[in-house]
Amino acid sequence: MITVKDLKFGYAGGGFRLSVPEFKLDSRERLAIVGPSGSGKTTLLNLVAGILTPKSGDIDVDGTKVSDLSDAERRRFRATHMGFVFQDFALLDYLPARQNILYPYRITPALKLDSAARDRAQALADACGIGDKMDRHPSALSQGEQQRVAICRALVTQPKLILSDEATGNLDPDSKARILDLLFEQAAEAGAAVLAVTHDHELLPRFERVLDFAQFREGAAA
């Protein structure tokens, strides 16, 4: 699903440098990334998603070299092939929860917003415990509820790759287990791989593989 080779990246101004000689994620695999803050875990997710572009090296996702795509092509590829749970949720304040969940369909013509998509959005919201809050805007939701909306948005398109940046970070232990179950169930149904950044070591036994990302970090803190 993901092959990274000879990847090098640095933010403008210097200081932070990321160097990944090789990294692979198999189809359907569930992999957790751990490591200290500033080691580049979130940066890797953003590079795989095409939000950031590398200085050099190759990033291949499901047979497509993401690092060679244009900005528009990367946005389209991300919307049609990936689901991303952002650490800061990245919800749109002016849209209610339902429309935030369905937002990928509204910005990507290749995705068809039909009754099946709407039903799937409601079913995911019900499973996440926010089914009765679909008409509320993010400002009227708790942080945990906003996180659930973001998770539903990442899953609604049934992507082949789920990228998760601390998807359960603001949830209580019972909710963490339920949300992780939902992520894995949806991934299994779609035949998707899961690449998850987490600081919660209690969740690590649930993953098939754990990667300590500190080995890829070069330079000073970001």
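Residues numbered from 1 in each chain as written. Predicted model: local features only at pLDDT ≥ 70, side-chain atom pairs only at ≥ 80, totals over all residues. Heavy atoms only, no water.

Student: Hey, could you run me through helix H6 (residues 143-155) in this one?
Tutor: The α-helix winds at 3.6 residues per turn, so residues separated by three or four positions along the chain end up facing the same way. For H6, with 13 residues, the first-to-last C-alpha span of 19 Å sits near the 18 Å given by 1.5 Å per residue. Burial analysis of H6 places eleven of its 13 residues in the buried class, which makes it a mostly covered element. Residues of H6 that are buried include every one of Gly144, Glu145, Gln147, Arg148, Val149, Ala150, Ile151, Cys152, Arg153, Ala154 and Leu155, and no others. In this fold, the buried residues of H6 make contact with strand S6 (82-85), helix H3 (97-101), helix H4 (103-107), helix H5 (115-127), strand S7 (161-165) and helix H7 (173-190). (Helix = DSSP H or I, 4+ residues; strand = E, 2+ residues; numbered from the N terminus. Expected span 1.5 Å × (residues − 1). Buried < 20%, exposed > 50% of the residue type's maximum accessible area, 1.4 Å probe, protein only. Contact = heavy atoms within 4.5 Å.)

Student: Can you walk me through H5 in this structure?
Tutor: For H5, which comprises 13 residues, the first-to-last C-alpha distance of 18 Å matches the rise-based estimate of 18 Å (1.5 Å per residue) to within 8%. Burial in H5 covers these residues: Ala117, Ala121, Leu124 and Ala125. Across the axial projection of H5, the buried residues extend over an arc of 100 degrees, all falling on one side. What points out from H5, more than 90 degrees from its buried face, is the exposed set Ser115 and Asp119. On its buried face, H5 sits against H3, H4, H6 and H7. (Arc of directions from axis to C-beta.)

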